[in-house]
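Residues per chain are reported as follows:
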Amino acid sequence: MKLEKKKISNLILIVGAMVLLFTPVGFHLKVMVNRLLSFSPTELKLEDQKLISNYRWQLISNEGETLNFEAEKGKVIVLNVWATWCPLVWQKCQVFKQLYDDYGDKVTFLFVAHDEKKK
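A. Looking closely at the pattern of salt bridges. Under the definition given, this model contains one salt bridge. For K97, the salt bridge identified is with D101, shortest N-O distance 2.9 Å. Of this pair, K97 and D101 are both found in helix α3 (residues 87-103), four residues apart, which corresponds to roughly one turn of the helix.

B. Representation of the packing of aromatic side chains in the model. Counted by the stated rule, this structure contains two aromatic pairs. With centroids separated by 5.2 Å and ring planes inclined at 85°, the aromatic side chains of F96 and F111 adopt a geometry described as edge-to-face. Taken together, the residues F96 in helix α3 and F111 in strand β4 (residues 107-113) connect sequence positions 15 residues apart. We classify F96 as buried; its relative accessible area is 15%. Here F111 falls in the partly exposed class, since its relative accessible area comes to 42%. When the ring of Y100 is compared with that of F109, the centres are 5.8 Å apart and the planes differ by 70°; the resulting orientation is edge-to-face. By relative accessible area, which is 16% here, F109 ends up buried.

C. Main features of the environment of G74. Locating G74 in the fold gives a position in the loop between β2 (66-68) and β3 (76-82). As for G74 and E4, which are separated by 70 residues in sequence, their C-alpha atoms are 69 Å apart.

Calculation criteria
- Residues numbered from 1 in each chain as written.
- Predicted model: local features only at pLDDT ≥ 70, side-chain atom pairs only at ≥ 80, totals over all residues.
- Heavy atoms only, no water.
- Salt bridge = Lys/Arg side-chain N within 4 Å of Asp/Glu carboxyl O.
- Helix = DSSP H or I, 4+ residues; strand = E, 2+ residues; numbered from the N terminus.
- Phe/Tyr/Trp six-rings, centres within 6.5 Å; stacked < 30°, edge-to-face > 60°.
- Buried < 20%, exposed > 50% of the residue type's maximum accessible area, 1.4 Å probe, protein only.

Everything listed is a geometric property; what it means functionally is a separate question.
Shown next, in the form of structure tokens:
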């Protein structure tokens, strides 16, 4: 069976699509494309910002420790809900790292994921 030029190009296209969709190379490529196409969020106006009145949230760390928000009352908290499978999240990780480097202990950074602990 002889492969025609058209079949070879189709096979290359299919393999390329599979690499982009199902391999780490494709994941990192998606992150780069998202960086090019995404934009920075706008800052909320002071009158649109809301203070939390109920601090009875409880978050559980991977180690099983419970964080009670009551202990963080009055502090600046950055709460990020994310998923490990989302390319945009990996892009934001670098931004949060830079924020942490800039603000350190002045801000409490919390990252909430609905993934398995292993991830």
